[in-house]
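Chains, contacts and geometry: an overview
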Amino acid sequence: MKEQISKLFGLTDRSATITDEVKNIPVNSIIPSPYQPRTLFDDDRIDELCQTIRTHGVIQPIVVRIKNNTFELIAGERRLRATKKLGLDTIPAIVRDFNDSQAASIALIENLQREGLTAIEEAAAYQQLIEMHDLTQESLAQRLGKSQSTIANKIRLLQLCEPVKLALMERKITERHARALLALDQEEQQVKLLEEIIAKELNVKQTEVRIAFLKEAAKIKKSRRVSFTKDVRLALNTIRQSVEMVTSSGLNINTSEQDHEDHYEIIIKIPKR
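Residues numbered from 1 in each chain as written. Predicted model: local features only at pLDDT ≥ 70, side-chain atom pairs only at ≥ 80, totals over all residues. Heavy atoms only, no water.

**Structural notes on the overall build of the chain**
- Of regular secondary structure, the chain possesses eleven helices and seven strands.
- Counting only residues that meet the buried cut, the chain has 36% of its 273 residues in that class.
- Total accessible area on the chain stands at roughly 17300 Å², and carbon and sulfur atoms take up 49% of it. (Helix = DSSP H or I, 4+ residues; strand = E, 2+ residues; numbered from the N terminus. Buried < 20%, exposed > 50% of the residue type's maximum accessible area, 1.4 Å probe, protein only. Areas by Shrake-Rupley, 256 points an atom, 1.4 Å probe, with all protein chains shown as cover.)

Written as structure tokens, this is what we have:
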């Protein structure tokens with residue numbers, strides 16, 4: 001399946017005519033892939049892989065390319081990490097001749113075909129593939145065998161503010177929580193509700209109810225603000241102009257203004273002497 005998808009992205013290997021010779025290369029000579037979409041690695045899963053490698057060795061070679069006289073990893077990040085953790089000196093690898101675009105695409109596709117990517121990592125990978133291959137969301141969905149709405153919903157998560165994206169990365173909230181928070185435009189609102197979701201362990205339905213309440217409260221507040229603008233602006237300006245006139249005559253007047261929820265307060269202090 002992965003090979004078929006690679007062909008759909010035009011990633012037929014130019015080195016396919018060369019036999020895929022497996023070489024044991026030093027792990028210390030391999031640099032990480034700059035295109036790796038996965039940023040979080042489960043230590044327990046790495047430990048499980050270590051046990052497998054300790055018993056059976058590295059069954060599937062990693063894939064690398066030569067760049068700047070060193071080996072750059074293309075596929076097999078978890079295998080490489082487990083091998084290093086075991087303290088092994090070498091790892092079986094296949095050296096391929098890929099350019100930057102091909103290397104990036106292979107790294108993204110390989111990880112998209114595996115479980116464990118967070119929703120944000122998956123969304124970022126989709127966005128990168130769209131940009132690299134000049135695709136639409138619909139054409140990407142067709143190549144990956146997914147629905148266009150699935151791709152669109154993932155990519156929309158990238159619009160969330162950074163604290164929410166981080167919480168989703170760390171799996172403190174679910175993808176459905178995150179999608180619900182997209183209904184809040186202001187970062188301050190998203191962060192405040194995020195903290196409430198985590199602290200009170202709100203489920204998705206409870207989160208959606210809170211969002212509906214916040215949006216309704218915002219409408220009421222906006223309505224009050226409009227009413228305030230129409231009905232009170234003239235009175236406020238008149239008071240301020242009057243104070244300025246008296247002050248210009250030489251009288252030292254102190255004023256303070258406060259905007260309360262249901263009224264506007266102006267305090268004018270006129271000295272007796």
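**Comments concerning the UniProt feature "coiled-coil region" (unreviewed entry) in the chain**
- The UniProt feature table records "coiled-coil region" (unreviewed entry) at residues 177-204.
- In this annotation, residues 177-204 is assigned 71% helix and 0% strand; the end-to-end C-alpha distance for the span is 6 Å. (UniProt positions renumbered as here; feature names shortened; annotations may be inferred.)

**Considering the environment of glutamate 21**
- Residue placement: glutamate 21 occurs in the loop between helix H1 (2-8) and strand S1 (22-26).
- When the C-alpha positions of glutamate 21 and proline 92 are compared, they lie 9.8 Å apart, and in sequence the two are 71 residues distant.
- If near-sequence neighbours (up to four positions away) are discounted, glutamate 21 is found in contact with Ala93 and Ile94. (Contact = heavy atoms within 4.5 Å.)

**Focus: the confidence of the model for the chain**
- Of the residues in the chain, 88% have a pLDDT of 70 or more, and the chain-wide mean is 82.
- In the model of the chain, H1 stands out as the element of lowest mean pLDDT, 49, in contrast to helix H9 (residues 175-181), which has the highest, 95.
- Every residue in residues 1-5 is under pLDDT 50, and counting partners more than four places away or in other chains gives nine contacts.
- Of the regions scoring below 50 in pLDDT, residues 13-19 engages in nine contacts with residues more than four places distant in sequence or in other chains. (pLDDT = per-residue confidence, 0-100.)

**Looking at a nonpolar patch on the surface**
- Among the surface-exposed residues, Ile239, Val246, Leu251, Ile268 and Ile270 lie close enough to one another that they form a single nonpolar patch of about 380 Å² accessible area.
- Among the secondary structure elements, isoleucine 239 is positioned in helix H11 (residues 204-248).
- For isoleucine 239, a relative accessible area of 35% puts it in the partly exposed group. (Patch = residues over 30% accessible without salt bridge, like charges linked within 9 Å, V, L, I, M, F, W, Y side chains within 5 Å. Salt bridge = Lys/Arg side-chain N within 4 Å of Asp/Glu carboxyl O.)

**Considerations on the packing of helix H8 (residues 162-169) against helix H10 (residues 187-200)**
- Remark: H8 packs on H10, axes separated minimally by 8 Å, with the N-to-C direction vectors making an angle of 35 degrees. Between H8 and H10, the residues in contact are Pro163, Val164 and Ala167 and Glu187, Gln190, Val191 and Leu194, respectively. (Axes fitted to C-alpha atoms, helices over the stretch in contact; angles between N-to-C directions.)

**Topic: the UniProt feature "domain: HTH cro/C1-type" (unreviewed entry) in the chain**
- As recorded in UniProt, the sites labelled "domain: HTH cro/C1-type" (unreviewed entry) are residues 127-153.
- In the segment residues 127-153, helix accounts for 78% and strand for 0%; the C-alpha atoms at its two ends are 12 Å apart.

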